[in-house]
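Coordinate inspection notes
Chain by chain, the residues run as shown.
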Amino acid sequence: MGKSSKDKRDLYYRKAKEQGYRARSAFKLLQLDEQFHFLDNVTRVVDLCAAPGSWSQVLSRRLFVDNPQNKESKRIVAVDLQPMFPIDHVTTIQADITHPKTLNKIMDLFEGEKADFVCSDGAPDVTGLHDLDEYVQQQLILSALQLTTCLLREGGVFVAKIFRGRDIDMLYSQLSFLFEKVVCAKPKSSRGTSLESFVVCIGYKPPTNWKPQLDVNMSVEDFFQGCEIGRLCLEDKLPEYHEEPRSIAEFISCGGLDSFDADATYHDVPADSTALDPVQPPTNPPYKRALELKRKGKLTRTTYV
Ligand code: SAM
């Protein structure tokens, strides 16, 4: 990547470095919170799929710097497959959110208390095979939701990254059975060209007699059993007609009129500007070995005959 490449001229990329955030995605959480104020009075929060940690940095600043009272009762737990460099006031767990043991690890840290807020910015490594990528992303959202249903207190808030694909309305319907209000929000710092958005689910209110369960092998229908998900709406009148109930979530663009557009770039990096170092270099990037081999002159291209 050259010094004046589009990424380096990207406004949010540079602002993140200036403000000490590890990634530009910090602004997505900040802009969502600016709209919904879900971080105003929270004490215990969980950040799923948290590395490199810019959302955890936002949470740490909001809970401990902006509102320094009652520090002893506050707790932030961040989970990711990747190791994370420490962040003030954040307990990090290196674990897979689809693994059942991860729930116990988080619950142990909360010592029996429930969380007020759970967020997930999870994204799997993309393979380029769209059906597979969409499936893995859906699994990640379902795992985050399953964890959330076991961790969140009634009335709590869940925020998760989604990709607005073909069947996203089905997810809105499912979430609507568990939360009082479900909104699809697009922060200004999220690129307009990307299908990325965030579901902001306010007021956790599981149906009476419904027990949250954690099992990634469970089908969505089984997970929502008793919530009337998958109910056939015209079944009584037309037995052979099959249609699942779907809903459209309200869509909100957030970030305020004075926020920059996600695709805004500096026209040219001024000649006298100094390049800032990364706030936190990656802990164990997949390309690390390739760089080591290259340095030793051992990175060779395999030729097939
Ligand atoms: N919110 C983060 C921030 O602001 O720094 C960025 C998150 S990044 C877009 C997505 C993360 O999801 C990656 O760090 C990846 O390791 C994590 N992830 C993907 N699948 C996961 C899984 N099954 N369990 C835990 N983390 C996972």
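Residues numbered from 1 in each chain as written. Predicted model: local features only at pLDDT ≥ 70, side-chain atom pairs only at ≥ 80, totals over all residues. Heavy atoms only, no water.

As recorded in an unreviewed UniProt entry, the chain goes by the name Putative tRNA (cytidine(32)/guanosine(34)-2'-O)-methyltransferase, listed as coming from Lachancea nothofagi CBS 11611. What the UniProt record of the chain gives under Catalytic activity (unreviewed entry) is the line "cytidine(32)/guanosine(34) in tRNA + 2 S-adenosyl-L-methionine = 2'-O-methylcytidine(32)/2'-O-methylguanosine(34) in tRNA + 2 S-adenosyl-L-homocysteine + 2 H(+)". According to the UniProt record, the Sequence similarities (unreviewed entry) comment for the chain reads "Belongs to the class I-like SAM-binding methyltransferase superfamily. RNA methyltransferase RlmE family. TRM7 subfamily." (UniProt positions renumbered as here; feature names shortened; annotations may be inferred.)

1. Looking at the overall build of the chain
Looking only at helices and strands, the chain features nine helices and eight strands. Here the chain, with 305 residues, has 42% of them falling under the buried criterion. Contacts in the chain between residues at least 24 apart in sequence constitute 72% of all its contacts with a sequence separation of at least 6. Taken as a whole, the chain presents about 17,400 Å² of accessible surface, with 51% of it coming from carbon and sulfur. (Helix = DSSP H or I, 4+ residues; strand = E, 2+ residues; numbered from the N terminus. Buried < 20%, exposed > 50% of the residue type's maximum accessible area, 1.4 Å probe, protein only. Contact = heavy atoms within 4.5 Å. Areas by Shrake-Rupley, 256 points an atom, 1.4 Å probe, with all protein chains shown as cover.)

2. Here's the deal with the pairing of strand S1 (residues 44-48)
For S1, a buried count of five out of five residues is recorded, marking the element as mostly surrounded by other parts of the structure. The alternating pattern of S1 places Arg 44, Val 46 and Leu 48 on one face and Val 45 and Asp 47 on the opposite face, and all of these are buried. Two strands pair when backbone bridges link them, and S1 and strand S2 (residues 75-80) are joined in this way by five bridges, in the parallel orientation. By the bridge assignment for S2, Val 45 is matched with Ile 76. For the crossover that starts at S1, traverses helix H4 (residues 54-66) and ends in the parallel S2, the hand is right-handed. Relative to strand S4 (residues 115-120), S1 runs parallel, the two sharing four bridges. Each bridged residue has a counterpart across the sheet, and for Val 45 the counterpart in S4 is Phe 117. (Pairing = 2+ DSSP bridges. Right-handed = clockwise from strand over helix to strand, strands pointing away.)

3. What to know about the packing of aromatic side chains
Tallied over the entire structure, the rule returns seven aromatic pairs. For the pair Trp 55 and Phe 198, a centre-to-centre distance of 5.8 Å together with 40° between the ring planes defines the contact as tilted. Of the two residues, Trp 55 sits in helix H4 while Phe 198 sits in strand S7 (residues 196-204), which places them 143 residues apart along the sequence. The class of Trp 55 is buried, set by a relative accessible area of 3%. By the ring-pair criterion, three or more aromatic residues cluster together here, those being Tyr 12, Tyr 21 and Phe 27. (Phe/Tyr/Trp six-rings, centres within 6.5 Å; stacked < 30°, edge-to-face > 60°.)

4. Quick word on the UniProt feature "active site" (unreviewed entry) in the chain
Per the UniProt annotation, the sites labelled "active site" (unreviewed entry) are Lys 161. When you line up the elements, Lys 161 lands in strand S5 (residues 152-163).

5. Thoughts on the UniProt feature "domain: Ribosomal RNA methyltransferase FtsJ" (unreviewed entry) in the chain
Those residues carrying the UniProt feature "domain: Ribosomal RNA methyltransferase FtsJ" (unreviewed entry) are residues 21-204 in this numbering. Each end of residues 21-204 is marked by a C-alpha atom, and these two atoms are 30 Å apart; helix forms 36% of the span and strand 28%.

6. Observations concerning the sheet that holds S5
Read across the sheet, eight strands follow the order S3-S2-S1-S4-S5-S7-S6-S8 without closing on themselves; strand pairing throughout is mixed. With one partner strand each, in any of the chains shown, strand S3 (90-94) and strand S8 (250-254) form the two edges of the open sheet. The sheet shows a mean angle of 20° between the axes of neighbouring strands, direction not considered. Against the sheet, helix H6 (residues 130-151) makes contact with S1, S4, S5, strand S6 (179-187) and S7, and its axis sits at roughly 170° relative to S5, the strand it touches most. (Axes fitted to C-alpha atoms, helices over the stretch in contact; angles between N-to-C directions.)

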